Amino acid sequence: MASPNPELRRQVIAIYKELLHLGRNYPLGFGYFRPRLHKAFMANAQLKDEEEIRRGISRADFVRKEIEALYYLKKYRTLRKAYGGA
């Protein structure tokens, strides 16, 4: 079987590293976040079809955006609480 597209491999590794970086500030802690992230990526490690890999990358990108939104919401709530929002 042919090896996976090197560009897709690079994208998968990049999104994994980015999610790991975001996980350092996860509300339940990095110890909670990292094993679950690793398990999610390992569950899809056997994928060979490029379209399936692209779908996985887009799903991981969606998760990244959701985590960023969670952080912004947490920051907003903290600032609102600190400065007496309505």
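What this report covers is the structure whose coordinates are included nearby. The structure displayed is predicted, hence computed values, not measured ones.

The helix and strand tally for the protein stands at three helices and zero strands. Its C-alpha atoms give the protein a radius of gyration of 16 Å, more than 25% over the compact-globule value 12 Å for 86 residues. Overall, the protein is about 60 × 25 × 15 Å in size when its C-alpha atoms are taken along their principal axes. A burial count over the protein gives 16% of its 86 residues as buried. A total of about 6,800 Å² of accessible surface is found on the protein, and carbon and sulfur atoms cover 58% of it. Separation between the mean location of the 18 positive side-chain charges and that of the 9 negative ones in the protein comes to 12 Å.

Our focus in this paragraph is the pattern of salt bridges. Enumeration according to the criterion identifies seven salt bridges in this entry. A salt bridge links R10 to E7; the shortest N-O distance between them is 2.6 Å. Of this pair, R10 and E7 both sit in helix 1 (residues 6-23), three residues apart, which is roughly one turn of that helix. By relative accessible area, R10 is classed as partly exposed at 47%. The exposure class of E7 is partly exposed, given its relative accessible area of 38%. Shared partners join several salt bridges into a network, and the residues in it are E18, D61, R64, K65 and E68.

It is worth spelling out the environment of L70 at this point. Here L70 lies in helix 3 (residues 50-82). Its relative accessible area of 35% is what places L70 among the partly exposed residues. For the pair L70 and P27, spaced 43 residues apart in the sequence, the C-alpha separation amounts to 9.2 Å. In contact with L70, not counting residues within four places along its chain, are Y26 and P27.

Scanning all chains against the criterion turns up three aromatic pairs. Ring geometry for Y16 and F41: centres 4.9 Å apart, planes at 75°, overall edge-to-face. Placement of Y16 in helix 1 and of F41 in helix 2 (residues 30-43) is noted, with a sequence separation of 25 residues between them. Ring centres of Y26 and Y32 lie 6.1 Å apart, and the angle between their planes is 5°; this geometry places the pair in the stacked category. Looking at Y26, the relative accessible area reads 23%, which means it is partly exposed. The structure contains a cluster of three or more aromatic residues connected by ring pairs, namely Y26, Y32 and F33.

Analysis parameters
- Residues numbered from 1 in each chain as written.
- Predicted model: local features only at pLDDT ≥ 70, side-chain atom pairs only at ≥ 80, totals over all residues.
- Heavy atoms only, no water.
- Helix = DSSP H or I, 4+ residues; strand = E, 2+ residues; numbered from the N terminus.
- Rg over C-alpha atoms; globule rule 2.2 N^0.38 Å.
- Buried < 20%, exposed > 50% of the residue type's maximum accessible area, 1.4 Å probe, protein only.
- Areas by Shrake-Rupley, 256 points an atom, 1.4 Å probe, with all protein chains shown as cover.
- Lys, Arg positive; Asp, Glu negative; His and termini not counted.
- Charge placed at Lys NZ, Arg CZ, Asp CG, Glu CD.
- Salt bridge = Lys/Arg side-chain N within 4 Å of Asp/Glu carboxyl O.
- Contact = heavy atoms within 4.5 Å.
- Phe/Tyr/Trp six-rings, centres within 6.5 Å; stacked < 30°, edge-to-face > 60°.

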